[in-house]
Amino acid sequence: IVNSQQALSPATVRKDRDLGLFNSINHTIKSGGSILIPVDSALRVLELAFVLDSGWKDHIKTSSSHPVKAYLLTNQSFRTLEFAKGMLEWMSSSIMKVFDADRTNPFEFKHINLIHSIDEISFSYPSIILASSCSLDFGHSHALLQQLGKSSSNCILAPLETGSNSILSKLLSSAKSTEIAIKV
């Protein structure tokens, strides 16, 4: 899934990109932090949720003493996934292969909890939270930024670049390392 803002960016191999995502997640989980992944509420969210859920067993390092929860937090998360479940024939061939292999819908997530409110998140252990909006300017991701920004062990993974005046773009442009100091 690509938008015009990345038209001039060099393409990366999906396997390398996914491995980088899981390495960043595991590094943050190991330090006891939570991960905020700001997403749009309809397109990129499906790809990222699928990658997370399908790669969970092989890539996310959890244990009974170090449990991790994953959440999809958008106002329409249930409806978005219901529509996606019914549109498999329009999806990529890799999604169709998953369906053809065992006749289960790839959007029946085993590891991601669909929620509508931040109050449904348990912050007593590390969490991976896909939340709208992708710019961090408003919505659930903005509220989570204020909450998660209080600890340096937490992480924001930005799957998309946003407009130059967004909070996310300002954070990314001021970043000189992988850690960003945030005043909330």
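Okay, so let's go over this structure. What you see is a predicted model; the values in this text were computed from it and never measured.

### As for the nonpolar core
Considering soluble globular proteins, one finds that nonpolar side chains tend to be buried as a cluster. Membership of the largest hydrophobic core comes to 30 residues, with the highest contact counts inside it found for Ile25, Ile37, Phe107, Ile128 and Leu130. Counting residues per element, the ones that place at least two in this core are helix H1 (14–30), strand S1 (35–39), helix H2 (44–59), strand S2 (69–73), helix H3 (77–85) and strand S4 (127–132). The leading source of residues in this core is H2, at eight residues. Once residues within four sequence positions are removed from consideration, Ile37 is found in contact with Leu21, Leu48, Leu52, Ile128, Ile129, Leu130, Ala131, Leu157 and Pro159.

### A short note on the sheet that holds S2
What the five strands build is an open sheet, ordered S3-S2-S4-S1-S5; its pairing is parallel. Across the chains shown, the open sheet's two edge strands, defined by having one partner strand only, are strand S3 (112–115) and strand S5 (155–156). Alignment of S2 against S3, held across four bridges, turns out to be parallel. When the bridges of S3 are listed, Tyr71 appears paired with Asn113. Sitting on the sheet, H2 is in contact with S1, S2, S3 and S4, with an inclination near 165 degrees to S4. Lying over the sheet, helix H5 (residues 139–148) contacts S1, S2, S4 and S5, oriented at roughly 140 degrees with respect to S4.

Analysis parameters
Residues numbered from 1 in each chain as written. Predicted model: local features only at pLDDT ≥ 70, side-chain atom pairs only at ≥ 80, totals over all residues. Heavy atoms only, no water. Core = buried A, V, L, I, M, F, W, Y, C linked by side-chain atoms within 4.5 Å. Buried < 20%, exposed > 50% of the residue type's maximum accessible area, 1.4 Å probe, protein only. Helix = DSSP H or I, 4+ residues; strand = E, 2+ residues; numbered from the N terminus. Contact = heavy atoms within 4.5 Å. Pairing = 2+ DSSP bridges. Axes fitted to C-alpha atoms, helices over the stretch in contact; angles between N-to-C directions.

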